[in-house]
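Residue strings, one per chain:
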Amino acid sequence: MLERYELETFLTLAEELHFGRTGERLGVSTGRVSQTVKKLERRVGTPLFARTSRSVALTPVGRRLYEDLLPAHRRIRAALERATEAGRGVHGRLRTGFATPWGGELLTAAADTLLTRHPGCEITVREVPLDGGVQPLQDGELDVQLTALPVREPELTTGPVVLRDDRVLLLPAAHPLAGRPSLGAEDLAGLPLITTAGDNPRHWLDHHYPRHTPSGAPVGRGPVAATWQEVLSHVTAGRGVASGAARGARYHPRPGIAYVPLRDAPPLEYGLVWPTAADTALLRAFVTAVGTPRT
């Protein structure tokens, strides 16, 4: 019978191929790792690792054992995670919101993952207009929202960044700057920048719709838009320019709009935000399901 610590030691060393790093990951000494591997090799009756003073490598038998054990280990871990989640009481209803189509795709995928594990839950995904800000969270209409950062409201908790993208400037296709390979922040001087309506806080508006270039030149103000469709219509009609995400060119392609990279602008970052007082096991499971940053 293979003990759990033997299994984890063997699989970790097979991944790290370094006794020191394996010990660090497992929280044990290098000597303990070496003893465990030697004990396992005696049981198998043949070396599982080829060791020299400079390197560690799997032997053919070790490679085969690794490939045989890894899927079983993953299934065991998944079963334990499901049991842990069930013990935490992952249940109930979760209302989620997004403001971009790529954000909607991410939340929908996370919802599907959770519903597979917890079919008794109810998770809804809805779009938040551009001018909505985080008001749906503050009004109690949503439990968690994927939104453009920064968010600094004291009653809200901001999770880690889950989406990151370069900024571009949306210009009418016939605009003199539309043919350039990239633009700098100083090129915004005097351009009519389309802004959003609603009660978004000043720090958020200043971050996404600057009033001045880095040198202090004023940035003009174009029409106010409540949705991205309004933004696109204003740009196409030549009423203004807009700052947006680079991937928007794939989701909102229009012959009348040029998407030009802003080379010195900070990237757009999106994160999950939720009312601090509304933390639940289902919410935590959803945050985990959304996962790590994507670019």
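Higher on the page you've got the structure.
Let me begin by describing the structure that accompanies this report. Chains are numbered independently. Their residues run from 1 in the order of the written sequence. Local features are withheld for residues below a pLDDT of 70 in this predicted model, meaning they are given only at 70 or higher, and side-chain atom pairs are given and counted only at 80 or more; totals for whole chains, interfaces and linings count all residues. Only hydrogens and water are set aside when side-chain values are computed; all heavy atoms of the structure are taken into account.

1. Description of the sheet that holds strand S11 (residues 257-261)
And then number 1: On the basis of which strands lie adjacent, the open sheet formed by 3 strands has the order S10-S7-S11 and antiparallel pairing. Every other strand in the sheet has two partners, leaving strand S10 (242-245) and S11 as the edge strands with one partner each. Going from strand to strand, the sheet's axes swing by 40 degrees on average, the running direction of each strand aside.
And then number 2: One bridge is not enough; two strands pair if DSSP finds at least two bridges between them. The way it works is that DSSP assigns letters per residue, a run of H or I at least four long becomes a helix, a run of E at least two long becomes a strand, and they are numbered from the N terminus. Inspection of the sheet shows strand S7 (residues 167-172) paired to S11 by 5 bridges, in the antiparallel sense. Residue valine 168 lies in a different strand from S11, and its bridge partner there is proline 261.
And then number 3: Lying over the sheet, helix H8 (residues 228-236) contacts S7, S10 and S11, oriented at roughly 50 degrees with respect to S7. Working convention: axes come from line fits to C-alpha atoms, limited for helices to the stretch in contact. Angles between N-to-C directions cover 0 to 180 degrees. Between two residues, a contact is recorded if the distance between any of their heavy atoms is within 4.5 Å.

2. Remarks on the packing of aromatic side chains
And then number 1: The aromatic pairing rule takes the rings of Phe, Tyr and Trp, using the six-membered ring of Trp, and pairs them if the centres are within 6.5 Å, calling planes under 30 degrees apart stacked, those over 60 edge-to-face and the rest tilted. Under the defined criterion, the tally for this structure stands at 3 aromatic pairs.
And then number 2: Think of it as a cone above the ring: NZ of Lys or CZ of Arg counts as a charge over the ring if it is within 6 Å of the ring centre and within 35 degrees of the ring normal. The ring of tyrosine 5 has arginine 32 sitting right over it, with the charged end atom 5.1 Å from the ring centre.

3. Structural notes on the pairing of strand S8 (residues 192-196)
And then number 1: Here the term buried applies to any residue with accessible area under 20% of the maximum for its type, exposed to any over 50%, and partly exposed to those in between, with areas from a 1.4 Å probe on protein chains only. Most of S8 is tucked away, with 4 of its 5 residues classed as buried.
And then number 2: In the sheet, S8 pairs with strand S9 (residues 220-225) via 4 bridges, with the strands oriented parallel. What sits directly across from proline 192, in S9, is glycine 220.
And then number 3: Traced from S8 through helix H7 (residues 202-208) to S9, the parallel crossover comes out right-handed. Seen with the strands pointing away from the viewer, any crossover whose path from the first strand over the helix to the second strand runs clockwise is right-handed.

4. So, the packing of helix H1 (residues 4-16) against helix H2 (residues 19-26)
And then number 1: At a closest axis distance of 9 Å, the pairing of H1 and H2 adopts a crossing angle of 130 degrees. By the angle between their axes, H1 is oblique relative to H2. For the crossing formed where H1 meets H2, the hand is right-handed. Residues Glu8, Thr9, Thr12, Leu13, Glu15 and Glu16 of H1 pack against Phe19, Arg21, Thr22, Arg25 and Leu26 of H2. When an angle is under 35 degrees it counts as roughly parallel; over 145 it counts as roughly antiparallel; between 65 and 115 it counts as roughly perpendicular; any other value is oblique. Crossings are classed by handedness, with left-handed meaning an anticlockwise turn of the near helix from the far one by less than a right angle and right-handed meaning a clockwise turn.

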